[in-house]
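# Coordinates in review
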Amino acid sequence: MAFVTVVNPCLVLQKNDPMTTGVVYLPVTLASFAASLRKNGHTVQAVDCFGEAPNRFRSHAGFLIRGLKPNEIAARLGEPELVVVYAGGVSNHFSIMELIRTVRAAKPKTPIAVLENTQAVTAYSLRHVQEEFYDAGATFIITGEGEERGVEMADLINTEPPHKIAGRIDGVGTRWEGKTIYRAPNRQIENLDALAFPAWDLFPLKNYWGLHYAHGPLSARRYISVLTSRGCPYPCTFCIVPELNSRKWRARGAKSVVDEMEHCIKTLDVHEFHFEDLNPTIQDVRIREICAEILRRNLKISWKLVSGTKVETIKTEETAALMAEAGCRYVSISPESGSQRIMKLIKKPFLYDHAVKIIKALSKVGVSTQACFVLGFPTENDEDRALTRNMVRDLVKVGLDEIALFIITPIPGSELNGKIEGFSHYSELTFSPQWRQDYRSLNRFRLCLYRDFLFWKLIYHPFKILKQPFNFLFRRFQTKMEMVPYRALHTRIQLLLSHSGS
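What counts as what
Residues numbered from 1 in each chain as written. Predicted model: local features only at pLDDT ≥ 70, side-chain atom pairs only at ≥ 80, totals over all residues. Heavy atoms only, no water. Helix = DSSP H or I, 4+ residues; strand = E, 2+ residues; numbered from the N terminus. Rg over C-alpha atoms; globule rule 2.2 N^0.38 Å. Buried < 20%, exposed > 50% of the residue type's maximum accessible area, 1.4 Å probe, protein only. Contact = heavy atoms within 4.5 Å. Areas by Shrake-Rupley, 256 points an atom, 1.4 Å probe, with all protein chains shown as cover. Lys, Arg positive; Asp, Glu negative; His and termini not counted. Charge placed at Lys NZ, Arg CZ, Asp CG, Glu CD. Axes fitted to C-alpha atoms, helices over the stretch in contact; angles between N-to-C directions. Left-handed = near helix turned anticlockwise from the far one by under 90°. Nonpolar A, V, L, I, M, F, W, Y, C, P; charged D, E, K, R; others polar. Phe/Tyr/Trp six-rings, centres within 6.5 Å; stacked < 30°, edge-to-face > 60°.

### Considering the overall build of the chain
Looking only at helices and strands, the chain has 17 helices and 18 strands in total. Its C-alpha radius of gyration of 22 Å places the chain within 12% of the 23 Å reference for a compact globule of 502 residues. The dimensions of the chain, computed from C-alpha atoms along their principal axes, are 65 × 55 × 50 Å. By the burial criterion, 62% of the 502 residues in the chain qualify as buried. Summarising the internal contacts of the chain: among those between residues at least 6 apart in sequence, 78% fall at separations of at least 24. Element-wise, carbon and sulfur atoms account for 54% of the exposed surface of the chain, whose accessible area totals about 19700 Å². Between the centroid of the 64 positive side chains of the chain and the centroid of its 52 negative side chains there is a distance of 4 Å.

### Quick notes on the packing of helix H13 (residues 352-364) against helix H14 (residues 382-397)
Where H13 meets H14, the axes come as close as 9 Å, and the angle between the chain directions of the two elements is 35 degrees. As H13 runs across H14, the sense of the crossing is right-handed. The residues of H14 that touch H13, namely those facing Tyr352, Val356 and Ile359, are Met391, Asp394 and Leu395. Here the contact of H13 with H14 is built from residues that sort into five nonpolar, no polar and one charged.

### Overview of the packing of aromatic side chains
Scanning the model with the defined rule gives ten aromatic pairs in all. An angle of 35 degrees between the planes, with centres 6.1 Å apart, marks the rings of Phe63 and Phe94 as tilted. Taken together, the positions of Phe63 in strand S5 (residues 63-66) and Phe94 in helix H3 (residues 93-106) put the pair 31 residues apart, joining distant regions of the chain. Taking the relative accessible area as the measure of exposure, Phe63 reaches 8% and is therefore buried. Ring geometry for Phe423 and Tyr426: centres 6.0 Å apart, planes at 40 degrees, overall tilted. Look at Phe423 and you get partly exposed, because its relative accessible area is 27%.

This is the structure in structure tokens:
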């Protein structure tokens, strides 16, 4: 058995954009990876570079780095036989590279693996950037789902050289004698219910909870991120998920999902759950079974679909009502664009009438809703953006609570990779890509649409607007739009305190 140290990197923000960059995610994929190692007899420790010092800031070029300093990270490593660095998001690429170099300097002979995150649209495909990792000192990359591959690697790490490990395990890459050895992952975990629950006891959860904000709108003192399914069947061209999941969707059973919730209630005193699934409602019968199981056990919880879901998969108003009855309080959907021409290029179907019906139904039963749109898709023009504006207005009329407007960026692994140029570092691949030549005009439209959205919301649903200042003051956020200014303000205050104390 091996002693493995798993490491979550520092968080990277753009200095001049604290509103849309620097989103805080609980490292659920890494916690699941650690749990599988431990379940199979390996000894695991975690070093959460962000979570251990979330209010500490460093500056580098146009970035702010939140978390431990390199020397502090090195001091926490112990004497592992394998170090696994989590590549959770493309915007953290700078801190991931820094982390690899730090570990290599501190542990010259210890194998270092970089773990891919397959379950987030903000992640990236590691096979496209593996040479950079090897140059920095990494021994391996682990692509595809890591739980089984990580166990296999840990089983072999003390008996086999890197090139033989990469040769035996699909999805694992290495550089050996100047040659890169890699073959794409050819399997996925079919029985997700057999996985151990994420090893949250290894991570500084209290530091995350103390921030009072998260990826999803946080309205309780504590929360936990949950993955109830994996993958997505849709082929969106701006997204990395089709490559990382082969357009396959797999799900946990209702009992497994609710068992995890009940486990977190008992062990962590958590009653708010943020579903980080890429598309949790693909099977209407399954989401109804989850609701029924929550109600059967009489769990007093709230749960939120914070990473989005395909609105067409919420089949009926009855399903929406059942979700609310079982504690659902927030649903994010992704229309992407009001232009059918752009939607065809994105390769994403969207049923507008169904979206209107479901948003109206969710609003009626007290579930807050978000609609996400992408701007700046290649060939998008003013007419396309006007259609998006019209769709936003129509959705607000029926009860939409917030919008999120993302400017397209070419993430490695997406079909758009290589089709939009101008960035100099992977950490610049955020949803505010200021390196784009058309960024100013796109951002101007974005700001105007946010303004118009708030005006329409005031006109059609004034009570919702009047509630927002109170939600902000009492930190009981019903939407991300209420929470983001709080996060930006907190970031600015902590940044000033960091500078005054240095």
